[in-house]
Amino acid sequence: MGKRSLDYNYAKDLDFSDTVGKNLLEIFEGVKTNRQEREERWQSHYRAWSVDATESDKGYDGMANLSVPQIRKEVETMSRRIYKGMFPDDYLKAETDDLAYEDLVNVNTQVLRHYLDRVMNVKSFALPWVKQGVLYGSSPARSFWHKESNNMFFNKREPVVADDGTIQFRKKVSNEEVTIYDAPKLRAEDLFNVFVYPHNA
């Protein structure tokens with residue numbers, strides 16, 4: 001087989017695509033098999049947290065059917081503790097060895113804090129992510145670039161040359177596309193809708 005170009009389309013190579021498809025299918029079947037046992041365990045954790053235990057979840061034999069929401073309380077308490085540990089009052093702090101740059105360091109720190117707290121809303125993302133990790137022992141997250149825009153009406157002042165040669169400003173209603181958000185974004189993914197390979201990654 002000769003040397004192939006960099007833009008060679010392997011999807012059109014039937015031998016290559018069949019081999020890759022067969023190997024991927026075996027991997028997917030293994031992931032699905034391993035996933036079933038893990039999802040059953042996660043479901044039992046969720047039922048215990050939501051105080052919605054079934055007969056199979058009961059760890060005793062007796063006539064009493066008691067539901068004590070202690071697990072829910074512990075999950076909420078532990079999640080809050082981890083969250084507060086991640087974001088103390090000065091969770092983003094910088095220091096400099098040169099006092100001449102102290103003001104610049106403080107300004108840059110505040111700018112970055114504003115970006116993380118007000119633009120990306122890292123704190124709002126963190127709590128459900130932490131809670132899912134406490135409850136299930138695993139918590140996937142996704143980082144991606146997000147851009148959001150909207151059409152808005154504006155009153156703009158446009159310069160107009162009058163008959164006498166002077167420049168005057170007149171109001172004009174303009175409908176323009178305005179960028180509302182154009183930055184990285186974080187999202188806590190639902191563990192039951194995310195597949196990871198290998199399953200213990």
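No experiment lies behind these values; they were computed from the predicted model shown.

Topic: the pattern of salt bridges
Going through the model one piece at a time under the given rule, you end up with seven salt bridges. For the salt bridge of Lys131 with Glu76, the shortest nitrogen-to-oxygen distance reads 3.2 Å. Here Lys131 is found in helix H4 (residues 122-136), whereas its partner Glu76 is found in helix H2 (residues 70-86), with 55 residues between them in sequence. Of the charged contacts, one joins Lys156 and Glu176 as a salt bridge, the two residues approaching to 3.0 Å between their closest N and O atoms. Taken together, the residues span a long stretch of sequence, with Lys156 in strand E1 (residues 141-161) and Glu176 in strand E2 (residues 167-188) at a distance of 20 residues. The class of Glu176 is partly exposed, set by a relative accessible area of 31%.

A closer look at the nonpolar core
Counting residues in hydrophobic clusters, the biggest one holds 11 residues: Tyr83, Phe87, Tyr91, Leu116, Met120, Val122, Phe125, Ala126, Leu127, Tyr181 and Ala183. Those residues in contact with Tyr83 that sit more than four places away from it in its chain are Lys123, Ala126 and Leu127. Listed in part, the seven residues of the second largest apolar core include Trp42, Tyr136, Leu191 and Phe192.

Details of the pairing of E2
Here E1 runs beside E2; their pairing, made up of 21 bridges, is antiparallel. Each bridged residue has a counterpart across the sheet, and for Pro159 the counterpart in E2 is Phe169.

What to know about the environment of Asp98
Mapped onto the elements, Asp98 comes out in the loop between H2 and helix H3 (102-119). Side-chain polar atoms of Asp98 contact the backbone nitrogen of Ala100, separated by 3.0 Å.

Regarding the side chain of Arg113
Summarising the element assignment, Arg113 is placed in helix H3. Take Arg113: its relative accessible area is 17%, and that puts it in the buried class. In this view, Arg113 contacts Asp89, Asp90, Tyr91, Leu92, Arg118 and Lys123; residues no more than four positions away in its chain are not counted.

Here's the deal with H4
Compared with the 21 Å implied by 1.5 Å per residue over 15 residues, the 21 Å span of H4 between its first and last C-alpha is a close match. Looking at H4, one finds that the buried residues are Val122, Phe125, Ala126, Leu127, Val130, Gln132, Leu135 and Tyr136. Check the buried side of H4 and you find it contacts helix H1 (14-49), H2, H3, E1 and E2. Positive backbone phi, at 85°, marks Gly137, one or two positions downstream of H4.

A few points about a nonpolar patch on the surface
A contiguous nonpolar surface patch, about 590 Å² in accessible area, is contributed by Tyr8, Tyr10, Phe16, Val20, Leu24, Ile27 and Phe28. On the secondary structure map, Phe16 appears in helix H1. Relative accessible area serves as the criterion here: at 38%, Phe16 is assigned to the partly exposed category.

Re H1
Relative to the 52 Å expected for 36 residues at 1.5 Å per residue, H1 spans 50 Å between its end C-alpha atoms, a close match to the ideal helical length. Remark: the principal bend of H1, roughly 25°, maps to Arg35. For H1, the full list of buried residues reads Val31, Arg35, Arg38, Trp42 and Trp49. Check the buried side of H1 and you find it contacts H2 and H4. The backbone nitrogen of Asp15 has a side-chain oxygen 3.3 Å away, supplied by the residue at the start of H1, namely Asp13.

What counts, and where the lines are drawn
Residues numbered from 1 in each chain as written. Predicted model: local features only at pLDDT ≥ 70, side-chain atom pairs only at ≥ 80, totals over all residues. Heavy atoms only, no water. Salt bridge = Lys/Arg side-chain N within 4 Å of Asp/Glu carboxyl O. Helix = DSSP H or I, 4+ residues; strand = E, 2+ residues; numbered from the N terminus. Buried < 20%, exposed > 50% of the residue type's maximum accessible area, 1.4 Å probe, protein only. Core = buried A, V, L, I, M, F, W, Y, C linked by side-chain atoms within 4.5 Å. Contact = heavy atoms within 4.5 Å. Pairing = 2+ DSSP bridges. Polar contact = N/O pair within 3.5 Å; in protein donor to acceptor, adjacent residues only side chain to side chain. Expected span 1.5 Å × (residues − 1). Patch = residues over 30% accessible without salt bridge, like charges linked within 9 Å, V, L, I, M, F, W, Y side chains within 5 Å. Areas by Shrake-Rupley, 256 points an atom, 1.4 Å probe, with all protein chains shown as cover. Bend = angle between axes of the 7 residues up to and from the residue.

In short, the description is geometric, and any link to function would need to be established separately.
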